[in-house]
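# Chain and residue survey
In case you want the letters, here they are:
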Amino acid sequence: MLYAIVGTDVPDSLAKRAAARPAHLARLEALRDEGRLVLAGPFPAIDANDPGPAGFSGSLIVAEFADLGAAQAWADADPYIEAGVYASVSVRPFRRVLP
């Protein structure tokens, strides 16, 4: 089943994001390589593709996991959590309708 993982950043998270990004992306690339990643990306803090120093307000990941517990465990191990990027993370079942 698919799950939506939404991380909400702490204020001024840009430097922490940059430091933890390689490890964060490596985990997403592993999901992609396993054919389990639907999409992933950050929420710009302003209305721009490149928010510059404004940074990001959070992230969205939609991926396939065996169950909610597996999705939660994967989310709990995100390097952004250890680095203090996320203030909170929610994990919910997701039903894809389109495309």
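As shown above, the structure is provided for reference.
The shown structure was predicted, so the numbers you read here are calculated from the model rather than taken from an experiment.

## Considering helix 2 (residues 68–76)
Of the residues making up helix 2, those classed as buried are Ala71, Trp74 and Ala75. The buried residues of helix 2 occupy an angular sector of 100° when the element is viewed end-on, so they sit on one face. Where helix 2 begins, the capping side chain belongs to Asp67, and its oxygen is found 3.1 Å from the backbone nitrogen of Gly69.

## Thoughts on the environment of Asp12
Structurally, Asp12 is set in the loop between strand 1 (2–9) and helix 1 (14–33). Its relative accessible area of 76% is what places Asp12 among the exposed residues. Between the alpha carbons of Asp12 and Ser57 there is a distance of 8.9 Å; along the sequence they are 45 residues apart.

## Looking at the sheet that holds strand 4 (residues 86–94)
Within the open sheet, the four strands sit side by side as 2-3-1-4. Their pairing is antiparallel. One side of each edge strand has no neighbouring strand; the edge strands of this open sheet are strand 2 (37–44) and strand 4. Across the sheet, the axes of successive neighbouring strands diverge by a mean angle of 10°, strand direction being ignored. In this fold helix 1 packs onto strand 1, strand 2, strand 3 (56–64) and strand 4, with an angle of close to 10° to the strand it touches most, strand 3.

## Points about the pattern of salt bridges
Any two side chains of opposite charge can pair, on the condition that their charged atoms come close. The final tally for this structure, using the stated rule, is three salt bridges. When the shortest N-O distance is used, the salt bridge between Arg17 and Asp9 registers 2.7 Å. Across the pair, Asp9 and Arg17 agree in class, each one buried. Of the charged contacts, one joins Arg32 and Asp33 as a salt bridge, the two residues approaching to 3.0 Å between their closest N and O atoms. Judged by relative accessible area, Asp33 falls into the exposed class, the value being 60%.

## Observations regarding the nonpolar core
Among soluble globular proteins, nonpolar side chains are generally buried collectively. Core analysis: the largest hydrophobic core is formed by 11 residues, namely Tyr3, Ile5, Leu28, Leu31, Ile61, Ala63, Phe65, Ala71, Trp74, Ala75 and Val91. Elements that contribute at least two residues to this core include exactly strand 1, helix 1, strand 3 and helix 2. For this core, the leading source of residues is helix 2, giving three residues. Not counting the four nearest positions on each side in its chain, Leu31 is found in contact with Arg36, Leu37, Ala63, Phe65 and Trp74.

Calculation criteria
- Residues numbered from 1 in each chain as written.
- Predicted model: local features only at pLDDT ≥ 70, side-chain atom pairs only at ≥ 80, totals over all residues.
- Heavy atoms only, no water.
- Buried < 20%, exposed > 50% of the residue type's maximum accessible area, 1.4 Å probe, protein only.
- Helix = DSSP H or I, 4+ residues; strand = E, 2+ residues; numbered from the N terminus.
- Arc of directions from axis to C-beta.
- Polar contact = N/O pair within 3.5 Å; in protein donor to acceptor, adjacent residues only side chain to side chain.
- Pairing = 2+ DSSP bridges.
- Axes fitted to C-alpha atoms, helices over the stretch in contact; angles between N-to-C directions.
- Contact = heavy atoms within 4.5 Å.
- Salt bridge = Lys/Arg side-chain N within 4 Å of Asp/Glu carboxyl O.
- Core = buried A, V, L, I, M, F, W, Y, C linked by side-chain atoms within 4.5 Å.

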